[in-house]
Amino acid sequence: MSATTRQPLPVRNPRTGEIDLHIMPASDAEIAATCERLRKAQSAWGRAPIEHRIGVMKHWAERLRAHRAALVEADSIDTGYGQISQVAPDMVIGAITRLCSYAPAVFQQLRRSGKSPPMPHIHFDTNLRPYPLLGVIGPWNAPLMLSTLHAIPALFAGCAVIVKPSEVAPRFVRPMMQTISEVPELRDVLTFVLGDAETGQSIIQHVDLINFTGSVPNGRKVAEACAKRFIPAMLELGGKDPVVITQNADLERAATAVLRGAVTSTGQVCFSIERVYVHESVHDRFVERLVKEADRVELNYPDVTRGQIGPFISARQAQIVDDHIDDALAKGARVRTGGKSFNLGGGLYMRPTVLVDVNHDMKVMRDETFGPVMPVMKFRTEEEAIQLANDTYYGLSAAVIAGSDAEARRIADRIDAGVVSVQDTFLTFAGFGVAEWESFKFSGMGGRGAGMLGFMRKQAVLINTGEPESMIEEPLKATA
Ligand code: NAD
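Residues numbered from 1 in each chain as written. Predicted model: local features only at pLDDT ≥ 70, side-chain atom pairs only at ≥ 80, totals over all residues. Heavy atoms only, no water.

Trp60, Ile96, Phe156, Val161, Leu186 and Ile210 are the most contacted members of the largest nonpolar core, which has 79 residues in total. Top contributing element to this core by residue count: helix H4 (residues 83-110), with ten residues. Each of domain 1 (9-237 + 450-461) and domain 2 (241-431) gives at least three residues to this core. (Core = buried A, V, L, I, M, F, W, Y, C linked by side-chain atoms within 4.5 Å. Buried < 20%, exposed > 50% of the residue type's maximum accessible area, 1.4 Å probe, protein only. Helix = DSSP H or I, 4+ residues; strand = E, 2+ residues; numbered from the N terminus. Domains from an automatic or database assignment.)

Here's what the structure looks like:
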């Protein structure tokens, strides 16, 4: 389909199952014009001192606060989340506020200058040059947070940013654009556009750097398109996070941590716990506790403000999770609690589901499930636990809960993943903006922890404070 004949895209409400919105995808011509406008404004934005950008970003945080209720409401309709949507704007505001306080120090640390040791009359200095225009392509699972997570450090770095959130969860864009329109200097360098994969591909043609958060197959298509233009792609992709629970682990602690790590946001989190490996001697006791904990979770139906988990955001995702459960049962797994999705008022819900007697031939242990499913498998030795945890083509994050911190750390250091939570699960949130990491294997390229630096190119300036060497008067000298 050509960009000029694009049709409105239907949007399904996750709580009612109804198509209650259509969005008009931005055309190629609109994307091109928007990118040109942003690029022009970026020149002054990127050259301004960081203090100027901090002032503008503080103003934006204030407008986000003013429109908090509208943002919460839109995010909640997009996702069917209750409690999580309540805090989503606060996480965005928090990310801005934190960078306001430490961005100047980050710039300072990254700048290096001095003299060349072999040629002391040559002085060097470093410029940090932002990529002029960043394109952010976001997923549906945490639309407000994930469409701004990278845009914010990029703006502090001096980039202009065009964001295309997922067509599955686009309602928050209207109140978000309202906040941006109320900050004159920001609206020149930040915008959100609506659209789908085709819109994403169009953005790739007009920007200098892409930050993509989504699935592995689509990440590959994005990387290929970026490679054709020789622009870098930061890819934040899927996961199949394992947790290892050893013989002497505190099983109550482990059950609490596994449930939270696997079931928060109905399991629709890239760093959800998706595989549970437990020492054979404590397997049965752990499963008993986990089932007991899981049965205490309540759905946020019919009242979105109550309960801990909501419906699947996407009907397609419910089908994938059901298929993983069917596949596991057909290959010998047993359901200890929970089970496949069911319809409540048009929304597709699933209770926290514990599976036992699972193995690595099953989709639920190999492919990303992205639902509230906890498949539990026994291991005999530490070596076997590490081998099972690493037996995946994903490497986003992982967790270890052991009898001592030293034992947990020993195992954590051998797991191939970008982030490992120790004596808990799901600690990735605590690392944003502080810790640095890179996703392993198919889970991505370019680090979550890269912060502002990922959006800047380093430029060396070399200054000769002496005489230039003559190639005629003097023979060439080795400088090493
Ligand atoms: P998706 O790949 O279907 O879509 C993501 C975004 O990419 C959407 O905006 C979509 O319109 C766009 N898109 C799709 N195909 C494209 C193409 N060919 N070219 C350009 N743009 C394209 O992913 P999703 O289903 O929205 O999100 C769920 C996935 O995202 C899961 O795999 C999850 O693990 C992953 N995820 C990863 C992280 C992380 O930080 N690593 C965070 C959240 C979600």
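Next comes the rest of the account.
Here we come to a nonpolar patch on the surface. Together, Val87, Met91 and Phe429 give the surface a local cluster of nonpolar side chains, amounting to about 230 Å² of exposed area. Inspection of the secondary structure puts phenylalanine 429 in helix H17 (residues 428-431). Overall, the relative accessible area of 36% leaves phenylalanine 429 in the partly exposed class. (Patch = residues over 30% accessible without salt bridge, like charges linked within 9 Å, V, L, I, M, F, W, Y side chains within 5 Å. Areas by Shrake-Rupley, 256 points an atom, 1.4 Å probe, with all protein chains shown as cover. Salt bridge = Lys/Arg side-chain N within 4 Å of Asp/Glu carboxyl O.)

Let us look at the domain arrangement of the protein chain. For the protein chain, the domain assignment lists domain 1 (9-237 + 450-461) and domain 2 (241-431). Placing a centre on the C-alpha atoms of domain 1 and another on those of domain 2 gives a separation of 31 Å. Of the residues lining the interface, 19 residues belong to domain 1; the matching set on domain 2 comes to 29 residues. Each partner contributes to the roughly 1700 Å² buried at the junction of domain 1 and domain 2, and carbon and sulfur atoms together form 56% of this total. Among the residues of domain 1 in contact with domain 2, Arg12, Arg15 and Trp140 are the three that bury the most area, contributing 36% of the side total. Counting across the domain 1 and domain 2 interface gives zero salt bridges. Applying the counting criterion to the domain 1 and domain 2 interface returns seven residue pairs in polar contact (both at pLDDT 80 or more). Among the elements of the structure, helix H3 (68-79) and H4 are those that each provide at least two residues to the side of domain 1 that touches domain 2. (Contact = heavy atoms within 4.5 Å. Buried area = accessible area lost by both parts, 1.4 Å probe. Polar contact = N/O pair within 3.5 Å; in protein donor to acceptor, adjacent residues only side chain to side chain.)

As a further point, take the sheet that holds strand S18 (residues 397-401). Think of a sheet as strands paired side by side through backbone hydrogen bonds, with each pair either parallel or antiparallel. On the basis of which strands lie adjacent, the open sheet formed by seven strands has the order S12-S15-S16-S11-S10-S18-S19 and mixed pairing. A strand with exactly one partner marks an edge of an open sheet, and here the two such strands are strand S12 (334-337) and strand S19 (419-422). Taking each pair of neighbouring strands and ignoring which way they run, the sheet shows an average axis angle of 25°. Two elements, S18 and S19, share four bridges in a ladder whose sense is parallel. For alanine 398, the partnering residue across the bridge sits in S19 and is valine 420. Relative to strand S16 (residues 373-379), helix H15 (residues 382-390) is tilted by about 145°, and along the sheet it contacts strand S10 (241-245), strand S11 (273-279) and S16. (Pairing = 2+ DSSP bridges. Axes fitted to C-alpha atoms, helices over the stretch in contact; angles between N-to-C directions.)

Turning our attention to the packing of helix H2 (residues 50-66) against helix H7 (residues 173-181). For the pair H2 and H7, interaxial distance at closest approach is 9 Å and the crossing angle is 135°. In terms of orientation, H2 and H7 fall into the oblique class. When you trace H2 past H7, the crossing you get is right-handed. Taking contact as the criterion, the partners of Trp60, Arg63 and Leu64 in H2 are, on H7, Met176, Thr179 and Ile180. For the contact of H2 with H7, the residue count by class is four nonpolar, one polar and one charged. (Parallel < 35°, antiparallel > 145°, perpendicular 65-115°, else oblique. Left-handed = near helix turned anticlockwise from the far one by under 90°. Nonpolar A, V, L, I, M, F, W, Y, C, P; charged D, E, K, R; others polar.)

Turning our eyes to something else, we now look at helix H12 (residues 283-294). Helix length check: H12, at twelve residues, gives a terminal C-alpha distance of 16 Å against a target of 16 Å (1.5 Å per residue), a fit within 8%. Of all the residues in H12, the buried ones are His283, Phe286, Val287, Leu290, Val291 and Ala294. Projected down its long axis, H12 shows its buried positions confined to an angular sector of 130°, all on one face. Turned more than 90 degrees off the buried face of H12, the exposed positions are Asp284, Arg285 and Lys292. (Expected span 1.5 Å × (residues − 1). Arc of directions from axis to C-beta.)

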